[in-house]
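Here is how the chains run, residue by residue.
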Amino acid sequence: MYALILVRYRRPLVEVEAVTEAHRAYLNTLKAQGILLASGPLDPRFGGAWLVRVQDENPLADLDTLRDGDPFHKAGLANYELLVWNVMAGKDGLDRM
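Here is a short report on the structure shown in this document.

About the criteria used
- Residues numbered from 1 in each chain as written.
- Predicted model: local features only at pLDDT ≥ 70, side-chain atom pairs only at ≥ 80, totals over all residues.
- Heavy atoms only, no water.
- Helix = DSSP H or I, 4+ residues; strand = E, 2+ residues; numbered from the N terminus.
- Buried < 20%, exposed > 50% of the residue type's maximum accessible area, 1.4 Å probe, protein only.
- Lys, Arg positive; Asp, Glu negative; His and termini not counted.
- Salt bridge = Lys/Arg side-chain N within 4 Å of Asp/Glu carboxyl O.
- Polar contact = N/O pair within 3.5 Å; in protein donor to acceptor, adjacent residues only side chain to side chain.
- Contact = heavy atoms within 4.5 Å.
- Core = buried A, V, L, I, M, F, W, Y, C linked by side-chain atoms within 4.5 Å.
- Phe/Tyr/Trp six-rings, centres within 6.5 Å; stacked < 30°, edge-to-face > 60°.

Observations regarding the side chain of D70
Stage number 1. Turning to its location among the elements, D70 is positioned in the loop between helix 3 (59-69) and helix 4 (71-74).
Stage number 2. Despite its burial, D70 pairs with no opposite charge; the closest candidate is K74, at 8.3 Å N-O.
Stage number 3. Within the structure, the side chain of D70 is placed 2.7 Å from the side chain of H23, a separation counted as a polar contact.
Stage number 4. When near neighbours in sequence (up to four residues on either side) are disregarded, D70 contacts H23, Y26, W50 and Y80.

Here's the deal with the nonpolar core
Nonpolar side chains in soluble globular proteins generally cluster together in the buried interior.
Stage number 1. Ranked by size, the top nonpolar core spans 19 residues in total, and within it I5, L30, W50, V52, L63, L66 and F72 carry the most contacts.
Stage number 2. For this core, the secondary-structure elements that each account for two or more residues are strand 1 (2-9), helix 2 (20-32), strand 3 (47-53), helix 3 and strand 4 (78-85).
Stage number 3. Among the elements that take part in this core, strand 1 stands out by supplying four residues, more than any other.
Stage number 4. L63 has contacts with A3, I5, V52, V54, L82, L83 and V84, leaving out every residue within four places of it along the chain.
Stage number 5. Core analysis: the next-biggest nonpolar cluster, separate from the first, contains five residues, L37, L51, V87 and L94 among them.

Let's talk about the pattern of salt bridges
Stage number 1. Considering all chains together, one arrives at six salt bridges under this definition.
Stage number 2. When the shortest N-O distance is used, the salt bridge between R45 and E17 registers 3.6 Å. Of this pair, R45 sits in the loop between strand 2 (36-41) and strand 3 while E17 sits in helix 1 (residues 13-17); the two residues are 28 residues apart in sequence, bridging distant segments of the chain.
Stage number 3. We classify E17 as partly exposed; its relative accessible area is 44%.

Considerations on the packing of aromatic side chains
Stage number 1. Tallied over the full model, the rule gives two aromatic pairs.
Stage number 2. Between Y9 and F72 the ring centres are 5.8 Å apart and the planes differ by 90 degrees, which places this aromatic pair in the edge-to-face class. Residue Y9 is found in strand 1, and its partner F72 is found in helix 4; the two are separated by 63 residues along the sequence. Considered together, Y9 and F72 belong to a single accessibility category, that of buried residues.
Stage number 3. The interplanar angle of 55 degrees and the centroid separation of 6.3 Å between the aromatic rings of Y26 and W50 together place this pair among those described as tilted. A residue pair is termed long-range when its members are at least 10 positions apart, and Y26 in helix 2 and W50 in strand 3 qualify at 24 residues.

Notes on unusual backbone geometry
Stage number 1. In this model, D43 is joined to P44 through a cis peptide bond whose omega is 10 degrees.
Stage number 2. For P44, the location among the structural elements is in the loop between strand 2 and strand 3.
Stage number 3. Here the phi dihedral of N58 falls at roughly 60 degrees; this positive angle occurs in a residue that is not glycine.
Stage number 4. Residue placement: N58 occurs in the loop between strand 3 and helix 3.

What follows is the structure, given as structure tokens:
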């Protein structure tokens, strides 16, 4: 199962940038674990998006855990929209990633 995490900054960008290095380190850890498939800032930079793998059973619990571990969340810098995604077209390509 896959999911999208949409991140929207709730604080000025200067405050976000002070935590960005820790945030990216967290994402690199998720990438190394095979959880994070893709991520990056939105343009214009008012937030970002993540494409992640979650378990088929209780995917919302996985999404809560991913959000809660993010340094942006811990610092109160962002709001998160957690979307379980039932991929139909292109699933084979994602499964190979």
